[in-house]
Amino acid sequence: MMSLSVRVKTRLLQLIQQLGDDPTRFVRDPKKDFTRQSRLSLTTVVSIILSMGASSLKKELHKAFHLDTHTPSVSALCQQRMKIRIDAFYHLLYGLNASFERAFYKGYSLIACDGSALSLPLVLGDGDYSYRRKRADQKDYSQIHLNALYDLVSRRYLDIVMAPRRENDEKKAFLKMLGRGTFSKKTIFVMDRGYESYDVLGSIYRMGMSFVLRAKDGSTGGIVKGFHLQKKGEYDKTFTRIFTTRRNKTVLSQPEVYHTIRWARGRAFLDKDHPYIEMTLRILRIQIAPGTYECIITDLPADKFSLQEIKKIYRMRWGIETSFRELKYDLSLDHIHSKKAECIQQEIVARMVLYNFSSIITSHVAVEKKERRYAYQINRSMAFFLCRMFLCAPADGTPPDIEPLIAAELLPVRPDRSYRRKIRSHPAISFLYRPI
């Protein structure tokens with residue numbers, strides 16, 4: 001019987017082959033691009049980008065062609081990859097996710113949305129991505145902002161929107177991914193304060209899904225301030241209001257029934273055909289440390305989701321933060337191989353495909369139970385390395401048995417372990433002196 005790892009690799013290779021079978025959908029000029037025979041075909045170039053590590057392009061080419069004396073040049077690879085549209089890598093991301101079922105939390109799909117900035121090799125004069133230093137001790141830098149949807153239970157990336165950091169709008173990016181995605185009614189979106197808006201909450205509510213959002217506590221504005229709640233202590237309050245942008249006599253005379261919001265904030269879910277929407281919001285203020293509180297807004301009912309359950313769901317949101325760390329360092333996303341925006345975006349989505357490829361395989365590897373001091377879990381950093389090596393292995397040979405190798409790499413689980421978060425900048429990794 002074919003192992004899961006072989007099935008996942010076979011499916012990914014099939015998706016890559018689909019690019020070569022119908023290249024007109026994925027290239028910039030269908031009449032010219034990839035129409036001639038070349039060692040750097042569309043499928044070969046995509047495979048190389050998908051399996052890239054932290055090494056220089058020349059080293060990556062030698063790895064891909066197994067030290068062949070006729071290995072193509074770096075210039076040839078750069079020219080070929082510029083012909084590929086980003087849609088090719090989205091095809092792999094969506095296709096691989098659709099091919100394997102995702103896991104659930106008590107019957108619900110938990111999806112986190114968050115963003116992260118990625119430092120890029122400096123391109124002076126690029127007005128979209130480059131930033132001039134503000135202080136004498138700073139250097140010029142370039143950054144791109146990633147907005148991603150991440151399945152917290154299956155540990156997979158579902159979608160991504162990329163933009164220059166100064167043009168980034170997390171709310172619009174989320175609404176874009178929400179509009180083009182396919183989600184079941186039993187989906188809970190878990191988000192941080194950057195997504196606090198009636199646009200986001202109302203759009204999710206209208207589609208019949210749920211949300212858990214950390215919000216401002218009301219003292220500095222935000223949604224909570226409009227409900228005139230107490231400013232001290234904990235509470236768990238539920239409000240049902242009819243939200244609208246209209247300000248007629250009926251609306252203004254019944255503030256306990258209607259809640260007026262500005263048109264600019266309501267256009268995503270209120271329009272001329274739907275000027276009113278009734279929405280139930282549950283607002284919780286939770287003490288997380290002596291004298292420190294956090295507010296959470298959700299539409300999950302209290303009879304099904306207790307305060308402790310809501311806290312647990314929001315705490316799981318940290319999974320997307322650790323996934324960004326794994327993406328940048330374990331899968332070498334911080335070692336970008338280009339200064340061109342199109343090529344950088346190719347590598348970002350390709351790393352997410354490789355991340356999902358590894359997570360699908362790793363999620364089905366069982367940890368042997370023994371009498372130990374600690375409970376143990378899979379070492380995901382080593383699992384990513386092994387899965388990358390497995391993907392790069394020649395397809396015509398006997399596939400290595402990757403699952404036992406992953407199962408042998410374990411780390412102890414230490415609950416309630418925490419460290420002070422260090423906020424510091426991470427410069428882009430230079431093209432020179434790349435590791436082997």
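The rules behind each value
Residues numbered from 1 in each chain as written. Predicted model: local features only at pLDDT ≥ 70, side-chain atom pairs only at ≥ 80, totals over all residues. Heavy atoms only, no water. Helix = DSSP H or I, 4+ residues; strand = E, 2+ residues; numbered from the N terminus. Buried < 20%, exposed > 50% of the residue type's maximum accessible area, 1.4 Å probe, protein only. Polar contact = N/O pair within 3.5 Å; in protein donor to acceptor, adjacent residues only side chain to side chain. Core = buried A, V, L, I, M, F, W, Y, C linked by side-chain atoms within 4.5 Å. Contact = heavy atoms within 4.5 Å. Arc of directions from axis to C-beta. Pairing = 2+ DSSP bridges. Axes fitted to C-alpha atoms, helices over the stretch in contact; angles between N-to-C directions. Parallel < 35°, antiparallel > 145°, perpendicular 65-115°, else oblique. Nonpolar A, V, L, I, M, F, W, Y, C, P; charged D, E, K, R; others polar. Left-handed = near helix turned anticlockwise from the far one by under 90°. Expected span 1.5 Å × (residues − 1). pLDDT = per-residue confidence, 0-100.

When you line up the elements, Arg 282 lands in strand 9 (residues 276–289). By relative accessible area, which is 2% here, Arg 282 ends up buried. Within the structure, Arg 282 has its side chain in polar contact with the backbone oxygen of Leu 300 (distance 3.1 Å). A polar side-chain atom of Arg 282 sits 2.7 Å from the main-chain carbonyl oxygen of Phe 305.

A few words now on the nonpolar core. The biggest cluster of nonpolar side chains holds 83 residues, and the ones touching the most others in it are Leu 96, Ile 188, Ile 313, Ile 348, Phe 357 and Ile 406. In terms of residues, this core owes the most to one element, helix 12 (residues 341–362), which gives eleven residues. Apart from the residues within four sequence positions on either side, Phe 357 is in contact with Val 8, Lys 9, Leu 12, Leu 96, Cys 387, Phe 390 and Leu 391. Membership of the second largest hydrophobic core comes to 36 residues, among which are Ala 173, Leu 201, Leu 229 and Phe 239.

Moving on: helix 6 (residues 170–180). The α-helix winds at 3.6 residues per turn, so residues separated by three or four positions along the chain end up facing the same way. If you check which residues of helix 6 are buried, you get Ala 173, Phe 174, Met 177 and Leu 178. On an axial view of helix 6, the arc spanned by its buried residues comes to 135 degrees, and they lie on one face. Facing away from the buried side of helix 6 by over 90 degrees, the exposed positions are Lys 172 and Gly 179. Here the buried face of helix 6 lies against strand 1 (109–120), strand 3 (141–151), strand 4 (156–164), strand 5 (187–191) and helix 7 (198–206). Near the N-terminus of helix 6, the side chain that reaches the backbone nitrogen of Lys 171, with its oxygen 3.2 Å away, is that of Asp 169.

Below, the discussion takes up the pairing of strand 7 (residues 235–244). Here ten bridges tie strand 7 to strand 9, and the two strands are oriented antiparallel to one another. Pairing of Asp 236 across the sheet is with Leu 284, part of strand 9. Bridging between strand 7 and strand 8 (residues 258–260) involves three bridges; their strand directions are parallel. Within strand 8, the residue paired with Thr 244 across the bridge is Thr 260.

Next up on the list: the packing of helix 2 (residues 42–50) against helix 4 (residues 74–81). At a minimum axis separation of 10 Å, helix 2 and helix 4 run at an interaxial angle of 105 degrees. By the angle between their axes, helix 2 is roughly perpendicular relative to helix 4. Along its contact with helix 2, which presents Val 45, Ile 48 and Ile 49, the element helix 4 presents Leu 77, Gln 80 and Arg 81. Among the residues making up the contact of helix 2 with helix 4, the classes are represented as four nonpolar, one polar and one charged.

Turning our eyes to something else, we now look at the packing of helix 11 (residues 318–330) against helix 12. One way to put it is that helix 11 packs onto helix 12 with a least axis distance of 10 Å and a crossing angle of 110 degrees. Judged on the interaxial angle alone, helix 12 and helix 11 are roughly perpendicular. Here helix 11 and helix 12 pass one another in a crossing that is right-handed. Counting all contacts with helix 11, which are made through Ser 323, Glu 326 and Leu 327, the residues of helix 12 involved are Arg 351, Met 352 and Tyr 355. Considering only residue class, the contact of helix 11 with helix 12 consists of three nonpolar, one polar and two charged.

Attention now moves to the environment of Lys 304. Looking at the secondary structure, you find Lys 304 in the loop between strand 10 (292–298) and helix 10 (307–315). A residue is classified by how much of its surface remains accessible, and Lys 304, at 63% relative accessible area, is exposed. Placed 196 residues apart in sequence, Lys 304 and Tyr 108 show a C-alpha to C-alpha distance of 13 Å.

A few words on the side chain of Ser 358. Within the fold, Ser 358 resides in helix 12. One polar contact links the side chain of Ser 358 to the main-chain carbonyl oxygen of Leu 354, over a distance of 3.0 Å. Sequence-distant contacts of Ser 358, that is, excluding residues within four places in its chain, are made with Phe 384 and Cys 387.

To continue, consider helix 11. Between its first and last C-alpha atoms helix 11 spans 17 Å; for 13 residues at 1.5 Å apiece the expected length is 18 Å, and the two agree. Every buried residue of helix 11 is listed here: Ile 320, Glu 321, Thr 322, Ser 323, Phe 324, Glu 326, Leu 327 and Lys 328. Here the buried face of helix 11 lies against strand 1, strand 3, strand 4, helix 12 and helix 13 (380–392). One or two steps after helix 11, the chain reaches Ser 332, where phi turns positive at roughly 65 degrees.

Confidence in the prediction for the protein averages 89 pLDDT; 95% of positions are at 70 or higher. Here helix 9 (residues 263–266) is the element of the protein with the lowest mean pLDDT, 55, and helix 5 (residues 87–99) is the one with the highest, 98.

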